[in-house]
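Structural description and commentary
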Amino acid sequence: MPGVPFEKPDLFVVARMLERLWREDAPMLKTRLQVATNVNYDVFRKYVAWMSEKQLLRVENSDDGHERLALTPKGHEAYRHLVTWINDVVRKG
C-alpha cells in the first residue's frame, strides 16, 4: 500500500504467513491466508504489500477475479532460514 509506512513488521506474523504459503501446493486466496494468519484485514494488507515489496510473495490475479498469493523463491528461502533458526536456537535451547 503506497504511502503507508510499515517499517517494523511483527516477525511472528511474517512467519505465520510464510509457513502457511509454504504448505500450499498452489497460490492461496488472499482471504484464506488472512483468516489462517489471524490478523485483521487492514493489517493483513500492509503485510502483503510489505512482503511483496521484499519479494517474499507474489500476488496473482486469476480468471475468477480473486487475487491469490504465492511464495517466491526468495520467500521459500526466507522460510527455510526461519525453520533452521527455530531448530538451532529455540528447540535446542
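As shown above, the structure is provided for reference.
Here the structure is a predicted model, which means the values were calculated and not measured. (Residues numbered from 1 in each chain as written. Predicted model: local features only at pLDDT ≥ 70, side-chain atom pairs only at ≥ 80, totals over all residues. Heavy atoms only, no water.)

1. Side note on the overall build of the protein chain
Along the backbone of the protein chain there are four helices and three strands. N-terminal to C-terminal, the α/β element order of the protein chain is α-β-α-α-β-β-α. Against the 2.2 N^0.38 benchmark of 12 Å for 93 residues, the protein chain shows a C-alpha radius of gyration of 13 Å, consistent with a compact globule. Overall, the C-alpha framework of the protein chain stretches about 45 × 30 × 20 Å when taken along its three principal axes. Within the protein chain, the fraction of its 93 residues that count as buried is 28%. Looking at the protein chain alone, contacts between residues at least 24 apart form 49% of all its contacts between residues at least 6 apart. For the protein chain, the accessible area works out to roughly 6400 Å², and carbon and sulfur atoms hold 52% of it. (Helix = DSSP H or I, 4+ residues; strand = E, 2+ residues; numbered from the N terminus. Rg over C-alpha atoms; globule rule 2.2 N^0.38 Å. Buried < 20%, exposed > 50% of the residue type's maximum accessible area, 1.4 Å probe, protein only. Contact = heavy atoms within 4.5 Å. Areas by Shrake-Rupley, 256 points an atom, 1.4 Å probe, with all protein chains shown as cover.)

2. Digging into the nonpolar core
Counting 18 residues, the largest nonpolar core has Met17 and Met51 as its most contacted members. Those residues in contact with Met17 that sit more than four places away from it in its chain are Leu33, Thr37, Phe44, Tyr47, Val48, Met51 and Leu57. (Core = buried A, V, L, I, M, F, W, Y, C linked by side-chain atoms within 4.5 Å.)

3. What about the environment of His76?
Residue placement: His76 occurs in helix H4 (residues 73–91). Owing to a relative accessible area of 40%, His76 belongs among the partly exposed residues under this scheme. Residues His76 and Lys46, spaced 30 residues apart in sequence, show a C-alpha to C-alpha distance of 20 Å. If we ignore the near neighbours within four places in the chain, the residues touching His76 are Trp22 and Leu71.

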